[in-house]
Amino acid sequence: MRTGITFLLLLNILLPYAQVKDLKFTRLTEADGLPGSPVTAFLEDDMGFMWIGTTAGLCRYDGYEIKPFTRDQGYGISNDDINSLMQDRDGIIWIGTNAGGFNSYDPSSEKFTTYSHNPDDSLSIPGDRVRVIVEGMDDILWVGFDNGIGLSKFNKKTGVSINYDPYVVTPSVGARAIRSMEIDIIDENRLWLGTTSGLISFDIQKEEFKLIGHPLMSINRNGLFALSQIDENRLLGGFFHAGTGVYDISEDRWNGSTSYSLAPLRIFDVARKSQTEYWLAARKRGVAVLDLSNGTISYLPSTLNNDRTPFPGFTYTVYANEKMIWAGSKHGVSFATLEPPRFSFDSLSFESDEFGVVTDFSGSYDKIYITGIAGGLWEIDKETGESKLISVADGAPNLLYHIFEQKDKLLLVDNGREIAVFDKHQRVFKKAVIGNHIDPDNYFDQIVEWNSEYALVPTRSEGTYKLNLVSHELTPLYDPKRNSDLYHSDLLVDEEGLIWISTNSGITIYDPEKDSISFYAPSSLYSKKEKHIHVLEKQSGAIWIGTSNGLVRLKDGEEQLFTTLNSELTSNFIREITIDANENIWIATYKGISMIDPITFKIKNYDKTDGIFYESGLTVIDNDIFVGSYGGYTRFSIDSLDSDRATPTIRFGEFNVLNGSRNLEKSVEYLTSIELGYDENSISISYVAPTFRHPHKIQYSYMLEGFDSGWNNGDRRFANYTNLDAGTYTFLVKASNRDGTWGEPRSLMIRIAAPFWETWWFFLVCSLAIVGSAFTLYNLRVNALQRKADQEAQELRLEAFQKRLTELNATPPDLTLHFDELNSKLNNQLSEREFEVLKLSLDGKTNSEIGDELFISTSTVKFHLRNTYSKLGVSNRREALEYVSKTS
């Protein structure tokens, strides 16, 4: 059932309706971790990360966090002013900089290598201002420079550069300033160069340049900043002064260039949107779309204060694939998903776009009825789909909250104070005479079915009324003086005819046959405040109870509590509950709607990213779900809910030991196992499933086989383990998609070596030593009679040894150790575990007894004692006892 309209009014939401079909952008700025701006380059690598180049440094974004790779962070990149990014077939990332040549980054070793100009080496690159890098055949990279240098053919294996000068085909030095480059998609031996002097082709085999003419060449307005090959015969060019143009390769001419004007359209970058459309980085104009079919350019709306639009103004680069659009500007990054929402939105016309919101639905017969605030009543024919608006001008009330449908009429809650009756056949409205029993300041927002004679109306200050379905007279269900809590928000009638009423302090249960009242408060809710019940619904012998602090399922006297802590619920504030024909439980919260499987209780969540803009009204009609929102509603068939089959891919991040980075031979992402020493038994590992569309819907689960008894679920992207015993462990981690489908787990084997005193060879050495000692003692015993003096010396040594043992095992005096007091006298303070071990040791317990009491191994006890003795400046237990005795 529902109480959504009540909370809508209490919140006093006055937000205008936004067109859901518009792209919804997300922004990233320096406040989010960008090294700086402007943003000049994008690269989506083969692991799903987005690399972002700025004039202040390089960084990587995983959908959650930005990781900088700058010189200030200690990385070996030659220059932080980034111009271009490219990943080659081997997975190496190449970074063109503005003043440091270019760099390669190997993700497996996490190392940068710099290639820069050396004036004393003719085989080095010809300059350090690299604008563009593309991968050619074999091991060749083609590098374009932008400081009067030209083109370089760079061999990745040898590091040798062969340099070419486009100046030979044009007297303009702009020919040497290469801003963009494409390898022909048909002829791999032809390069297309976009220069500030226009388009130049380069025959790789013949090593020949050719300048392509342009209508604006005579006035030097044909500077080409962006290139993309449309198909085998066409190139799209983005010009610095002349907009866009299409070059016909076979006809050797430009078509459709924008003429130069006093306010030229300047294109800095292009990215394909579809077969006939391109995204444009239109410098001062922001992000635009070019339609090749008619040559029109349209601009995306953008304002600096609306963070759901791209940044306005100076835009330097765009990147797009079939799922996402990314734009880099002087303010930062803007990106949006291109995939349509899972559910479509149906707009309605309201008297006021500011207040217009759908509040309820009904469709028990041949029509679907929709109510709204500042709108009226909509009627949709189920068979034909024809929609009619019965507006305020037609007599419909302006503030309709709820529909109670009968065969020939509708009872409508009008402004929370009155009931309007709509005659379906005569199509007229009239006010119901509800009598003088209800206070005019009271409020109600729904009418609930009871029996053939009466319906029930819960109110906010006078309890529950029964509504005569013929006379429309309202009378109290029972004497309100019998119930101290008269704030009634929802109710249901169970299979036994009992009426369950939600209140501020729990649930009132009224038995109409016995005229008796009882009370119930869910025991799984812990405080009086949490006993505020919002909504109730029944399902197959169970009652679902919605509260501000979770969802309760009550069946056969047993409660089951669902919260954000123990389930996939996205919010604990439950606003509405309804049940579909398949017995699925649907709930509405401020974060969207959720579906709960009645058998497995698995939860699927749907929100704005799916096209759900819930405000009020969650209803099942036939086999469709209806969700009310500002400006309209969402409708979808339950049978159309296909699960997202694509599951996230886990990538490992950092592996640390004892809160410090562990130097591994490779990045942990490229390892299958890690070997650790016995003193490296406290570890942490981070992981992530890179995603930019629904990161908040990704859930993670991890476990360490050999330590954890089960999976640890949640949204945490790291795991910590301390004081692991020696042995072999397997770390497993997996992620689920937005529908809760789990992917295959990634695994990492971790081996922790035993301390040397627990190894087999140490035991062997000790055994040999014992045998040798026994043999020596035997010889000493045989020669004892002949060497009396030696025997006496041996007895003295034995006596001294026994005295030593007596001292070490002596019962200590009654000492009271205080952790903070002892640590205050130490320069190197004891940990809590070291203090526990010391205290038990001074109490006379053996190492084995200490281990049993603290659930640690004997070797770990010895390890802690060594550390403790070192911090106390002593060498054994007796000296430790003397130290503590003096200081206590």
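Right, let's walk through the structure included here. (Residues numbered from 1 in each chain as written. Predicted model: local features only at pLDDT ≥ 70, side-chain atom pairs only at ≥ 80, totals over all residues. Heavy atoms only, no water.)

## Quick notes on the overall build of the protein chain
Note the following rule: Helix and strand definitions follow DSSP, with helices as H or I runs of at least four residues and strands as E runs of at least two, each counted in order from the N terminus. Working definition: with a 1.4 Å probe on protein chains only, accessible area under 20% of the residue-type maximum means buried, over 50% means exposed, and in between means partly exposed. Any pair of residues with heavy atoms lying within 4.5 Å of one another is described as a contacting pair. Residues scored as charged are limited to Lys and Arg (positive) and Asp and Glu (negative), so that His and the chain ends carry no count. Where a charge lies is defined by one atom per residue type: Lys uses NZ, Arg uses CZ, Asp uses CG and Glu uses CD.
Summing up its helical and strand segments, the protein chain has 8 helices and 65 strands in all. For the protein chain, the C-alpha atoms occupy an extent of roughly 130 × 100 × 45 Å along the three principal directions. For the protein chain, the proportion of its 888 residues judged to be buried stands at 51%. Contacts in the protein chain between residues at least 24 apart in sequence constitute 51% of all its contacts with a sequence separation of at least 6. The averaged location of the 121 negative side-chain charges in the protein chain is 3 Å from the averaged location of its 87 positive side-chain charges.

## Focus: the sheet that holds strand 6 (residues 82-87)
The test is simple: Here, strands pair whenever DSSP counts at least two bridges between them. Throughout, an axis means a line fitted to C-alpha atoms (over the contacting stretch in the case of helices), and angles, computed between N-to-C directions, take values from 0 to 180 degrees.
Pairing within the open sheet is antiparallel, and its 4 strands lie in the order 6-7-8-9. In this open sheet, the two edge strands, each paired with only one partner strand, are strand 6 and strand 9 (111-115). In this sheet, neighbouring strand axes are inclined to one another by 20° on average, regardless of whether the strands run parallel or antiparallel. The pairing of strand 7 (residues 93-97) with strand 8 (residues 102-106) spans 4 bridges and is classified as antiparallel. Residue pairing in the sheet places Ile 93 in a bridge with Tyr 105 of strand 8.

## Some details on the side chain of Lys 424
Definition in use: Two N or O atoms count as a polar contact when they lie within 3.5 Å, although within protein this holds only if one can serve as hydrogen donor and the other as acceptor, and sequence-adjacent residues are included solely when both atoms are side-chain atoms.
Note that Lys 424 resides in the loop between strand 36 (418-423) and strand 37 (428-431). Lys 424 sits in the buried class, given a relative accessible area of 11%. Within the local environment of Lys 424, its side chain forms a polar contact with the side chain of Glu 405, the two groups lying 2.7 Å apart. Setting aside anything within four residues of it in sequence, one finds Lys 424 in contact with Tyr 365, Tyr 369, Glu 405, Gln 406, Lys 407, Asp 408, Lys 409 and Leu 410.

## Here we look at the pairing of strand 14 (residues 178-183)
Consecutive side chains of a regular strand alternate in pointing toward one face of the sheet and then the other. Relative to strand 15 (residues 190-195), strand 14 runs antiparallel, the two being bridged by 5 bridges. Within the sheet, the bridge partner assigned to Met 181 lies in strand 15 and is Leu 193. Counting the residues between successive antiparallel strands, the hairpin from strand 14 to strand 15 contains 6 residues.

## Structural notes on the pattern of salt bridges
In plain terms, the rule: Each salt bridge in this description consists of a side-chain nitrogen of Lys or Arg and a carboxyl oxygen of Asp or Glu lying within 4 Å of one another.
Summed over all chains, the structure comprises 37 salt bridges. Of the charged contacts, one joins Lys 697 and Asp 610 as a salt bridge, the two residues approaching to 2.1 Å between their closest N and O atoms. With Lys 697 in the loop between strand 60 (683-688) and strand 61 (699-705) and Asp 610 in the loop between strand 53 (603-606) and strand 54 (618-621), the pair connects residues that are 87 residues apart, well separated along the chain. Here Lys 697 and Asp 610 have matching classes, each one buried. Residue Arg 746 is joined to Glu 669 by a salt bridge in which the shortest nitrogen-to-oxygen separation is 3.2 Å. Of this pair, Arg 746 sits in strand 65 (residues 746-752) while Glu 669 sits in the loop between strand 58 (660-661) and strand 59 (673-676), and the two are 77 residues apart along the sequence.

## Quick notes on the layout of surface pockets
To keep things clear, this is the line we draw: In this analysis a 1.4 Å probe is tested at points of a 1 Å grid over the protein atoms alone, and where it fits but cannot get out there is a cavity; an open set with protein on both sides within 12 Å along at least five of seven lines is a pocket; lining residues have an atom within 4 Å of a point. Grid points are joined across faces, edges and corners, and a volume is the space filled by probe spheres set on the points.
Within this model, the second largest pocket holds a volume of roughly 1,300 Å³. Lining of the second largest pocket is provided by 41 residues; of these, Ser 84, Leu 85, Val 132, Asp 269 and Thr 317 occupy positions nearest its centre.

## Describing the packing of aromatic side chains
Convention followed: Pairing of aromatic rings covers Phe, Tyr and Trp, the last counted by its six-membered ring, and requires centre-to-centre distances within 6.5 Å; plane angles under 30 degrees mean stacked, over 60 mean edge-to-face, and any other angle means tilted. Working rule: Lys NZ or Arg CZ, within 6 Å of ring centre, within 35 degrees of ring normal, means a charge sits over the ring.
Overall, the coordinates contain 56 aromatic pairs when judged by the stated rule. Centroid distance Tyr 247 to Trp 254: 5.4 Å. Interplanar angle 50°. Geometry classified as tilted. Overall, the relative accessible area of 2% leaves Tyr 247 in the buried class. With a relative accessible area of 10%, Trp 254 lands in the buried category. An angle of 40° between the planes, with centres 4.8 Å apart, marks the rings of Phe 422 and Phe 429 as tilted. Considered together, Phe 422 and Phe 429 belong to a single accessibility category, that of buried residues. Through a chain of ring-to-ring contacts, three or more aromatic side chains come together here, namely Tyr 64, Phe 652, Tyr 687, Tyr 700, Tyr 702, Phe 707, Tyr 721 and Phe 731. The ring of Tyr 167 has Arg 176 sitting right over it, with the charged end atom 4.3 Å from the ring centre.

Treat this as a map of the structure, not an account of what it does.
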